[in-house]
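# Examining the three-dimensional arrangement
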Amino acid sequence: MKNALFPLMLCCGLAQAAPPLQALDDQELAQVSARDGIAFAAHIVINDPTLVGAVTDSRLSLGFGGDGPNRYVVIKNVRGVIDMFGVGLSIERKPDGGDYVALTLPGYVKYTNFGFESLSVQNDPQAPVTSSMGSVNINGSLWMQGQLRIWAH
């Protein structure tokens, strides 16, 4: 037990010995160049049926109106797991000297039972689905590269 506590006590002592943080004035702050950005990974679970009290009839609906009655595109029971990593967000410099925001596409995405139970067009989004145009279930991996770049004119 003593051997396990020694590294912990050593780290605590080093953390206390660090100098206090101090604010930078505008000139000092202007010299800081932190262009590494941030990177993150995500584990997204949508409508997990194994959870206690899970929803068994979820709907995503999109309504359209016009000259006739309203119609709704209804996607029933969207669910699944998405794992992704290698997503980055950074500020980059253009050749003309301007800056842009770069969103790096995820290097790896894995889908597990991702999809929906039915897709239908209905007059009432809450009515039971009587005619489905199909369902989707995706299991697989995807590798991507590239950036989405955003800048102002």
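Source: prediction; values computed, not measured.

Reading the values: the criteria
Residues numbered from 1 in each chain as written. Predicted model: local features only at pLDDT ≥ 70, side-chain atom pairs only at ≥ 80, totals over all residues. Heavy atoms only, no water. Pairing = 2+ DSSP bridges. Helix = DSSP H or I, 4+ residues; strand = E, 2+ residues; numbered from the N terminus. pLDDT = per-residue confidence, 0-100. Axes fitted to C-alpha atoms, helices over the stretch in contact; angles between N-to-C directions.

## A word on the pairing of strand β5 (residues 99-104)
Note that strand β4 (residues 79-93) and β5 share 6 bridges and pair antiparallel. Residue L89 lies in a different strand from β5, and its bridge partner there is L103. Taken together, β4 and the strand that follows it, β5, pair antiparallel across an intervening segment of 5 residues, in which G97 is found at a positive phi of about 100°. Examined bridge by bridge, β5 and strand β9 (residues 147-150) share 4 bridges and lie antiparallel to one another. Bridge pairing in β9 places A102 opposite R149.

## Things to note about the confidence of the model for the protein
Overall, the predicted model of the protein reaches an average pLDDT of 84, with 85% of residues at or above 70. Predicted confidence in the protein is weakest over helix α1 (residues 2-17), with a mean pLDDT of 53, and strongest over strand β8 (residues 136-143), with 96.

## Details of the sheet that holds strand β7 (residues 118-122)
By way of backbone hydrogen bonds, the strands of a sheet pair with one another, either parallel or antiparallel. Spatially, 3 strands are ordered β2-β3-β7 in an open sheet, and the strand pairing comes out antiparallel. Here the strands that pair on one side only, and so sit at the sheet edges, are β2 (59-64) and β7. Averaged over neighbouring strand pairs, the angle between their axes works out to 15° when direction is ignored. Across 5 bridges, strand β3 (residues 71-76) lies against β7 in antiparallel orientation. When the sheet's bridge partners are listed, Y72 is paired in β7 with Q122.

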